[in-house]
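Each chain is listed here by its residues.
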Amino acid sequence: MASADRVRVAVVGCGVAAWVGHLPWLWAHPDVDLVAVCDAQADRAQAAQRRYAIATATTRYDDVLARDDIDAVSICTPPAHHAVMAIAAARAGKHVLLEKPMGRSVQECDAMIEAARQSGTILMLGHEKRFNVACEQVKRVIESGAVGKPFSTAVHWGASVKLDPERMIPAGYRENYEWRWRDASVGGGILQDHLPHYVDLWRGWTGAEVESVCAEAQNVTRDYLDRPSIGVWEDFGVVLMRFTDGAVATFETGTV
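My aim in this report is to walk through the structure given alongside it, one point at a time.

Some details on the sheet that holds strand β7 (residues 152–158)
Phase 1 of the analysis: Here we have four strands laid out as an open sheet, ordered β7-β10-β9-β8, and mixed in their pairing. Single-partner strands in this sheet number two, and they are β7 and β8 (210–218). On average, each strand axis in the sheet is tilted by 10° relative to the strand beside it, whichever way the strands run.
Phase 2 of the analysis: The sheet contact formed by β8 and strand β9 (residues 236–243) spans eight bridges and is antiparallel. Bridge pairing in β9 links C214 to L240.

What follows is the structure, given as structure tokens:
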């Protein structure tokens, strides 16, 4: 690192996740130097470069990892690229902040963890909901003992956007929605996309880990709405989990 109190970072992937979260936060942080941006599409990297007055914009991830003036990479790409990029970063001695979902399989996740362990680098998942003001207050309430020992939680996250995408996709979010719906390399659907947030919240609130899980998922867009072009992956699911502290959690989610 350049100094003990500053971290030099490159953002890899300049889509919505980077624009909404990573780029503005890193740019504003007093202990961070935002050194470079990287995206397979040059125009997206250059747009981020102009907006945040970043010295370097590139389409080559290898060039980012080869630089001595970068300590860490913030990986904001689709899940298909997470494992190969995070492992390469660890081998290059770079710390990694990785968007969720961590990977497309347990094997990919284990490989990233092992690469970070062998290189002595930090691998952190971007579970931003832990830092939501309301979620932080829930943690304080639980830790205070005011509600006793939690034994159950239920989460419902639902949207109707796939019923009429042309009207219901928010302005500026079409690409961010549709690559999840159309890209066969993503590796999973609605549960992969949303469940990590809420499992992590329960882990953060209680310190417990998932002990057992069962789930059912459906591809409503493909099988009921007859729109296979945006129904590559399942878009409705129900999950039941038991945690190591004995608590039970249910999660229901869908974009239909």
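Section: helix α2 (residues 42–52)
Working note: α-helix, 3.6 residues per turn, so residues spaced by three or four point in the same direction.
Phase 1 of the analysis: Every buried residue of α2 is accounted for by A45, A48 and Y52. In an axial view of α2, the angular spread of the buried residues amounts to 65°, which keeps them on one side of the axis.
Phase 2 of the analysis: The elements touched by buried residues of α2 are α1 (16–28), β2 (32–38) and β3 (56–58).
Phase 3 of the analysis: Just downstream of α2 lies A53, where phi reads positive at about 50°.

So, the layout of surface pockets
Phase 1 of the analysis: For the second largest pocket, the calculated volume is near 750 Å³.
Phase 2 of the analysis: Residue lining of the second largest pocket: 28 residues in total, with G103, S105, V106, C109 and P196 positioned closest to the centre.
Phase 3 of the analysis: Within the residue set of the lining of the second largest pocket, elements represented by two or more residues are α5 (106–119), α9 (190–206), β8 and β9.
Phase 4 of the analysis: In terms of residue count, the dominant contributor to the lining of the second largest pocket is α9 (seven residues).
Phase 5 of the analysis: Residue composition of the lining of the second largest pocket, by class: 15 nonpolar, seven polar and six charged.

Here we look at the side chain of T77
Phase 1 of the analysis: Take T77: it is sitting in the loop between β4 (72–75) and α4 (82–91).
Phase 2 of the analysis: Beyond its immediate sequence surroundings of up to four residues, T77 is in contact with V12, G13, H82 and M85.

Some words on the packing of aromatic side chains
Phase 1 of the analysis: Throughout the structure, instances matching the rule amount to six aromatic pairs.
Phase 2 of the analysis: The interplanar angle of 85° and the centroid separation of 5.7 Å between the aromatic rings of Y177 and W181 together place this pair among those described as edge-to-face. Highlighted residues: Y177 and W181, both in helix α8 (residues 174–182), separated by four residues, approximately one helical turn.
Phase 3 of the analysis: Of the aromatic side chains, those joined through ring pairs into one cluster are W19, W27 and Y52.
Phase 4 of the analysis: Just above the ring of W27 sits the side chain of R51; from NZ or CZ to the centre is 5.5 Å.

Concerning the sheet that holds β2
Each strand in a sheet pairs with its neighbour through backbone hydrogen bonds, running either in the same direction (parallel) or in the opposite one (antiparallel).
Phase 1 of the analysis: As summarised here, the arrangement of the six strands in space is β3-β2-β1-β4-β5-β6, forming an open sheet in which the pairing is parallel. The sheet is open, and its two edges are formed by β3 and β6 (123–125), each paired on a single side. The average undirected angle you get between the axes of adjacent strands in this sheet is 25°.
Phase 2 of the analysis: For β2 and β3, the ladder comprises three bridges, and the chain directions are parallel. Residue pairing in the sheet places V37 in a bridge with A57 of β3.
Phase 3 of the analysis: Taken strand by strand, α1 contacts β1 (7–12), β2, β4 and β5 (95–98), and its axis lies near 140° from that of β2.

Comments concerning the environment of V256
Phase 1 of the analysis: Along the chain, V256 falls in the segment after β10 (248–254).
Phase 2 of the analysis: For the pair V256 and T221, spaced 35 residues apart in sequence, the C-alpha separation works out to 7.5 Å.

Considerations on the nonpolar core
As a rule of thumb, soluble globular proteins bury nonpolar side chains together.
Phase 1 of the analysis: With 24 residues, the main nonpolar core has Y61, I70, V73, I75, V96, L98 and M112 as its most contacted residues.
Phase 2 of the analysis: Going through the elements one at a time, β1, β2, α3 (61–66), β4, α4, β5 and α5 are the ones with two or more residues in this core.
Phase 3 of the analysis: At six residues, α4 tops the list of elements feeding residues into this core.
Phase 4 of the analysis: Excluding anything up to four places from it in sequence, V96 contacts V73, I75, A86, A89, I122, L123 and M124.
Phase 5 of the analysis: If you look at the next biggest cluster of nonpolar residues, it comprises 17 residues, including I190, L195, Y198 and W202.

Conventions adopted
- In every chain, residue numbers begin from 1 and rise along the written sequence.
- Only residues with pLDDT of 70 or above have their local features reported here, since the model is predicted, and side-chain atom pairs are shown and tallied only from 80 upward, although totals for entire chains, interfaces and linings are computed over all residues.
- Side-chain measures here rest on the full set of heavy atoms in the structure, leaving out hydrogens and waters.
- Any two strands with at least two DSSP bridges between them are considered paired.
- Each helix corresponds to a stretch of at least 4 residues labelled H or I by DSSP, and each strand to a stretch of at least 2 residues labelled E; elements are numbered beginning at the N terminus.
- Where helices are involved, their axes are fitted lines through C-alpha atoms of the stretch in contact, as for all axes, and angles between N-to-C directions lie from 0 to 180°.
- For each residue, the accessible area found with a 1.4 Å probe, counting protein chains only, is set against the maximum for its type, and the residue is called buried under 20%, exposed over 50%, and partly exposed in between.
- By arc we mean the arc of the directions from the helix axis to the C-beta atoms, nothing more.
- Contacts are residue-level and defined by heavy atoms, with any inter-residue pair within 4.5 Å sufficient.
- Residues are said to line a cavity or pocket when one of their atoms sits within 4 Å of a point; the points come from a 1 Å grid over protein atoms alone, cavities being sets where a 1.4 Å probe fits but cannot get out and pockets being open sets with protein on both sides within 12 Å along at least five of seven lines.
- Grid points are joined across faces, edges and corners, and a volume is the space filled by probe spheres set on the points.
- Nonpolar residues are Ala, Val, Leu, Ile, Met, Phe, Trp, Tyr, Cys and Pro. Charged residues are Asp, Glu, Lys and Arg, and all others, Gly as well, are polar.
- In this scheme Phe, Tyr and Trp rings, the latter by its six-membered ring, pair at centre separations within 6.5 Å, and the angle between planes marks the pair as stacked below 30 degrees, edge-to-face above 60, and tilted otherwise.
- For a lysine, the NZ atom is tested; for an arginine, the CZ atom; a charge sits over a ring if that atom is within 6 Å of the ring centre and within 35 degrees of the ring normal.
- For our purposes a nonpolar core is just a set of buried Ala, Val, Leu, Ile, Met, Phe, Trp, Tyr and Cys residues, chained together by side-chain atoms within 4.5 Å.

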